Amino acid sequence: MVREAKFEELKQLLELYLDLHENLIPDNTEHLLNTWKCIMQDNNHHVIVKIWDDKIVSSCVCVVIPNLTRNIRPYAFIENVVTDEKYRGKGFATECLNYAKKIAEKENCYKMMLLTGSKNESTLKFYENAGYNSSDKTAFIQWL
């Protein structure tokens, strides 16, 4: 089943993020809970999860960003695409990305974007197979 995350699934999501790029689960502080509440209450912020064996095994985030160009159509930004290492290669991340695409289409987005820090050929091929390309835009990052 693919769906949006529930408030009580924060711990599972943070555990999954250890397979993304995190080294540890953040402490259960007021700041963490306030951030999670903010995300969960934001109608433009979608934390998408794949449930398998009664647990979250894959996820991505889709943020719909209002926009004044392109006939005042929003765009969607995809972030934090991750699958538990034990469940990779089963199409679960693709299911999450397809769910995000349905959200973007429903919200009349004119494009979807994602960035990856991976240079791994299989990861790049995965995104190409999911319908993304790396030739239309050039991304620049400034870390703060």
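All values reported here derive from a predicted model rather than from experimental measurement. (Residues numbered from 1 in each chain as written. Predicted model: local features only at pLDDT ≥ 70, side-chain atom pairs only at ≥ 80, totals over all residues. Heavy atoms only, no water.)

Novice: Hey, could you run me through unusual backbone geometry in this one?
Specialist: Residues apart from glycine generally show negative phi values, whereas peptide bonds are mostly found in trans. A positive phi angle, near 55°, is found at Asp53, a position not held by glycine. Within the element layout of this structure, Asp53 appears in the loop between β2 (45-52) and β3 (55-65). Relative accessible area serves as the criterion here: at 52%, Asp53 is assigned to the exposed category. Positioned with a positive phi, Ile72 is a non-glycine residue whose angle comes to about 60°. (Helix = DSSP H or I, 4+ residues; strand = E, 2+ residues; numbered from the N terminus. Buried < 20%, exposed > 50% of the residue type's maximum accessible area, 1.4 Å probe, protein only.)

Novice: Any chance you could explain the side chain of Thr83 here in plain terms?
Specialist: Along the chain, Thr83 falls in strand β4 (residues 75-83). When near neighbours in sequence (up to four residues on either side) are disregarded, Thr83 contacts Leu16, Asp19, Val57, Ser58, Arg88 and Ala93. (Contact = heavy atoms within 4.5 Å.)

Novice: Got a minute to help me understand the packing of aromatic side chains in this structure?
Specialist: The geometry of an aromatic ring pair is captured by the separation of the ring centres together with the interplanar angle, meaning the angle of the planes. One pass over the full model with this rule turns up four aromatic pairs. Taking 6.5 Å as the distance between ring centres and 35° as the angle between the ring planes, the aromatic pair formed by Phe7 and Trp36 counts as tilted. Note that Phe7 is positioned in the loop between β1 (2-4) and α1 (10-16) and Trp36 in helix α2 (residues 30-41), a separation of 29 residues in sequence. Taking the relative accessible area as the measure of exposure, Phe7 reaches 39% and is therefore partly exposed. Positioned over the ring face of Tyr75 is Lys111, at 5.5 Å from the centre of the ring. (Phe/Tyr/Trp six-rings, centres within 6.5 Å; stacked < 30°, edge-to-face > 60°. Lys NZ or Arg CZ within 6 Å of the ring centre and 35° of its normal.)

Novice: Which parts of the structure should I look at to understand the nonpolar core?
Specialist: The nonpolar side chains of a soluble globular protein tend to be buried with one another. Core analysis: the largest hydrophobic core is formed by 18 residues, its most contacted members being Ile48, Cys60, Cys62, Ile78, Val81 and Leu97. Residue assignment for this core shows that the elements contributing at least two residues are β3, β4 and α3 (92-106). With six residues, the single largest contributor to this core is α3. Among all residues touching Ile78, those that are not within four sequence positions of it are Cys60, Val61, Cys62, Leu97, Ala100, Met112, Met113, Leu114, Leu115 and Tyr132. Within the second largest apolar cluster, 15 residues are counted, among which are Leu13, Leu16, Tyr17 and Val82. (Core = buried A, V, L, I, M, F, W, Y, C linked by side-chain atoms within 4.5 Å.)

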